[in-house]
Amino acid sequence: QVQLVESGGGLVQPGGSLRLSCVASGSIFSINAMGWYRQAPGKQRELVATITSGGIIDYASSVKGRFTISRDNAKNTVYLQMNSLRPEDTTVYYCNARIKPERWVFERNYWGQGTQVTVSS
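Residues numbered from 1 in each chain as written. Predicted model: local features only at pLDDT ≥ 70, side-chain atom pairs only at ≥ 80, totals over all residues. Heavy atoms only, no water.

Colleague: Any chance you could explain the overall build of the chain here in plain terms?
Modeller: The secondary structure content of the chain amounts to 0 helices and 11 strands. Start at the N end of the chain and walk to the C end: the helices and strands fall as β-β-β-β-β-β-β-β-β-β-β. The C-alpha atoms of the chain give 14 Å as radius of gyration, which agrees with the globular expectation for 121 residues (14 Å, within 12%). Seen through its principal axes, the chain has C-alpha atoms that stretch 50 × 25 × 25 Å. (Helix = DSSP H or I, 4+ residues; strand = E, 2+ residues; numbered from the N terminus. Rg over C-alpha atoms; globule rule 2.2 N^0.38 Å.)

Colleague: It is not clear to me how the nonpolar core should be interpreted in this structure. Could you clarify?
Modeller: Grouped burial of nonpolar side chains is what soluble globular proteins tend to show. Within the largest apolar cluster, 29 residues are counted, with the highest numbers of intra-cluster contacts made by W36, L80, M82 and Y93. Sorting the residues of this core by element identifies strand 1 (2-7), strand 3 (18-26), strand 4 (30-39), strand 5 (46-51), strand 7 (67-72), strand 8 (77-82), strand 9 (91-100) and strand 11 (115-119) as the ones contributing at least two each. The contacts of M82, once residues within four sequence positions are left out, are G16, S17, L18, L20, R66, F67, Y93 and V117. (Core = buried A, V, L, I, M, F, W, Y, C linked by side-chain atoms within 4.5 Å. Buried < 20%, exposed > 50% of the residue type's maximum accessible area, 1.4 Å probe, protein only. Contact = heavy atoms within 4.5 Å.)

Colleague: Would you mind showing me how to read the state of the cysteines here?
Modeller: A covalent bond bridging the sulfur atoms of two cysteines is what the word disulfide describes. In total, this model carries 1 disulfide according to the counting rule given. The disulfide partner of C22 is C95, and the gap between their sulfur atoms is 2.0 Å. Judged by the torsion about the S-S bond (-80°), the C22/C95 disulfide is left-handed. Of this pair, C22 sits in strand 3 while C95 sits in strand 9; the two residues are 73 residues apart in sequence, bridging distant segments of the chain. For the pair C22 and C95, one class covers both residues: buried. (Disulfide = S-S within 2.5 Å.)

Colleague: Can you help me understand the packing of aromatic side chains in this one?
Modeller: To describe a pair of aromatic rings, you give the distance between the ring centres and the angle between the ring planes. The final tally for this structure, using the stated rule, is 1 aromatic pair. Pairing Y37 with W111 gives two aromatic rings, centres 5.1 Å apart and planes at 70°, and the pair type is edge-to-face. You can see Y37 sitting in strand 4 and its partner W111 sitting in strand 10 (residues 108-111), a full 74 residues away along the chain. Lying over the aromatic face of Y94, R45 brings its terminal NZ or CZ to 3.8 Å of the ring centre. (Phe/Tyr/Trp six-rings, centres within 6.5 Å; stacked < 30°, edge-to-face > 60°. Lys NZ or Arg CZ within 6 Å of the ring centre and 35° of its normal.)

Colleague: Is there a simple way to think about the pairing of strand 3 in this case?
Modeller: Consecutive residues of a regular strand have side chains that alternate between opposite faces of the sheet. Pairing of strand 1 with strand 3 involves 6 bridges; the strand directions are antiparallel. Within strand 3, the residue paired with V2 across the bridge is G26. (Pairing = 2+ DSSP bridges.)

Colleague: Explain the pattern of salt bridges here, please?
Modeller: Close approach of charged atoms allows side chains with opposite charge to pair. Using the criterion set out here, one finds 4 salt bridges in the structure. A salt bridge links E46 to R38; the shortest N-O distance between them is 2.8 Å. By relative accessible area, R38 is classed as buried at 6%. Connected through shared salt-bridge partners, R38, E46, R66 and D89 make up one network. (Salt bridge = Lys/Arg side-chain N within 4 Å of Asp/Glu carboxyl O.)

Right under this line is the structure:
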């Protein structure tokens, strides 16, 4: 059983910063890409940032220059440093990981439970 557990969400003023963390645990043989998505009520889930096991990074244009994704492969953890936060960044953020639970099975897509980020004065 694989679990992704997020932490670090909360309430912050516009212009402030938050750091999200997501730890993958359980039966894990290898992890490929890890990333962050967000979903506002009534909207589709959208990519925020992803990072492969080799360190290749992709950002949504709306967060480039403000958010930084990183990962610690030894700890099966991905981080999202969010700076210069704006009210429009308010929503639920979800951790995502492409994981092989065992050597001889296909890679699977896993999601965390989500963490709320609220940017408001």
